[in-house]
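# Observations on the three-dimensional arrangement
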Amino acid sequence: MTNITAASTRWRLKQPSIIPGFGLTLGFSLAYLSLIILIPVAGLLWRSAALGWSGFLAILADERTLRALYVSFGTAFVAALVNVVFGTMLAWVLTRYRFPGRRLIDALVDLPFALPTAVAGIAFASLYAPNGWIGSLFMPLRIGYTPYGIVIALIFIGLPFVVRTVQPLMEEIDREVEEAAATLGANRFQTILQVLLPALTPAILTGFALAFARGVGEYGSVIFIAGNIPYVSEIAPLLIVIRLEEFNYAGATAIATIMLLISFAMLLVINLIQAWSRKRYGNV
Amino acid sequence: MSDNACARKTAFRNPADESFTTKALLVAVSLVFLTFFLFLPLVSVFVEAFREGWGSYQEALVEPDAWAAIRLTLLVAAIAVPLNLVFGVAAAWAIAKFEFKGKAFLITLIDLPFSISPVISGLVYVLLFGSRSLLGPFLKSYGIEILFAVPGIVLATIFVTFPFVARELIPLMQDQGTGDEEAALSLGASGWQTFWHVTLPNIKWGLLYGVLLCNARAMGEFGAVSVVSGRIRGLTNTMPLHVEILYNEYNMVAAFAVASLLALLALVTLALKTILELRFGAGIAGGRH
């Protein structure tokens, strides 16, 4: 009797199951995860802690570091905003309208996931350079080798995050909701703005956050088009590489740590948005 | 009165739908946007690669350094992808088939590499194995080179492609539940038999889907690899790094020629991915990003 109660209230790692292999698969997964990801990342944080508060802050307060962080976060923010508008529109067009080439376009939206960043980088650099196909069209306004160029590259990188987060939700919208709104006298614009958009907001926010987070850390597609002028168009990941090439490990570590901490915060925000929307709308 | 009704009838449109003009406008704006951000960049890679004809294109690819880069890229993917495949299957088995404490946290940790900048993914290995670390000089004394050598490139590639297979399989195997495996086990199958004959056929398309994405990223990774590679021509240069070197030397035709191979890989990946989604949609459920 006492044995049974002890067994049922005892803390257990896992629920009983007849399926074998729990120890093997979980053990292997944890070992591999630790070796490849956790220990190296912990090493970075440990190195950074060894700098001490004053050392850490001194590196971050450096004007060039601050400008690089500002450029990275600023351009990623603008690009993610652009992607919210065009990505949502694109998702709408792809789910609602039938036109020739729709399937092809739907497949090509994932191109930024599949195309190596360096390839995208040189393609954008040559297109948007002042003498490139597109760059020359806008010529009084220089796009290539300025922060505008960075935004262009980050729009490309972030687009599928917004489209692919919003699209599944749009496919599930019940058309009757829209018909009900129309019956009650709403015009189409009001229906979209006040009935459909609120339901899509969590997905749009998640897409924004994913595109933003990816854009902040992006390197390959940006460095070719950015011009990489210190204080103007130098992104934070590039500054990490520069510090490493100078053997300034402390500098590289401090910049990497602050970016990592902000990424973790973003990850938390994304999870909170999803938890909030699950609570409010049932499912994401 | 009847005139009025007739006029109304011709002007009728579904009030729960946009007008034709609006639709046409939205499609047109989307196409212009995609032209500037997707189509033209993709087309320009091939146009630039063939700018000086087929001859120069071929020349750029058979050049020894380009060949070495292609071989290294294939080698790195051939090591990194199978390792992440084994991990993905093991992690998905543990997470989908069992209920245990800390599962949600484990899933978050597996997704972690997606939210880390590629440059930082490379940096962590430089700090771990570099000349000023604890491990680097120790391994070097035994003649083991990690940094600025192939093992470092493989490690950085494994890091950035870590979640791909696992995150395809976890939702898929969670959806499938444990019923099939329990039936097989109760009929006397061993654990391995159950995995090979019951689980694997159930997940094969999702697995292929994950491997496809994992491979595309492994062959195309630039940031993480560039930090750990040292960019030694012919030795530690992968294809994306070779593209960068050629581009910075203003050797545009050669840069875009190598880039066109990578772009081709991306297009093949997208085509196969689309076919998998269309034909085996249910078999890769949860497969969308």
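Residues numbered from 1 in each chain as written. Chains lettered and ligands numbered in written order. Predicted model: local features only at pLDDT ≥ 70, side-chain atom pairs only at ≥ 80, totals over all residues. Heavy atoms only, no water.

A word on unusual backbone geometry. In the Ramachandran plot, Asn228 of chain A falls in the positive-phi region, its phi being about 55° despite a non-glycine side chain. Relative to the elements of secondary structure, Asn228 of chain A occurs in the loop between helix 11 (220-226) and helix 12 (236-245). Phi angles above zero are rare outside glycine, and Tyr250 of chain B is one such case at about 60°. Mapped onto the elements of the fold, Tyr250 of chain B is located in the loop between helix 13 (239-248) and helix 14 (252-279). Residue classification places Tyr250 of chain B among the exposed positions, given a relative accessible area of 70%. (Helix = DSSP H or I, 4+ residues; strand = E, 2+ residues; numbered from the N terminus. Buried < 20%, exposed > 50% of the residue type's maximum accessible area, 1.4 Å probe, protein only.)

The next point concerns helix 2 (residues 20-49) of chain B. All names here are of chain B. Spanning 30 residues, helix 2 covers 41 Å between terminal C-alpha atoms, matching the ideal 44 Å at 1.5 Å per step. At Thr35, helix 2 shows its largest kink, close to 55°. Among all positions in helix 2, only Val27, Ser30, Phe33, Leu34, Phe37, Leu38, Pro41, Leu42, Ser44, Val45, Glu48 and Ala49 are buried. (Expected span 1.5 Å × (residues − 1). Bend = angle between axes of the 7 residues up to and from the residue.)

To continue, consider the UniProt feature "domain: ABC transmembrane type-1" (unreviewed entry) in chain A. In the numbering adopted here, UniProt assigns the feature "domain: ABC transmembrane type-1" (unreviewed entry) to residues 69-270 of chain A. As annotated, residues 69-270 of chain A has a helix share of 76% and a strand share of 0%, and its two end C-alpha atoms lie 21 Å apart. (UniProt positions renumbered as here; feature names shortened; annotations may be inferred.)

Attention now moves to the side chain of Arg164 of chain A. Relative to the elements of secondary structure, Arg164 of chain A occurs in helix 8 (residues 147-171). One polar contact links Arg164 of chain A to Gln167 of chain A, side chain to side chain, over a distance of 2.6 Å. (Polar contact = N/O pair within 3.5 Å; in protein donor to acceptor, adjacent residues only side chain to side chain.)

A few words now on the environment of Ala49 of chain A. Residue and element names in this part refer to chain A. With respect to the helices, strands and loops of the structure, Ala49 is situated in helix 2 (residues 22-50). Look at Ala49 and you get exposed, because its relative accessible area is 57%. A C-alpha to C-alpha distance of 49 Å links Ala49 and Gln194, two positions 145 residues apart in sequence.

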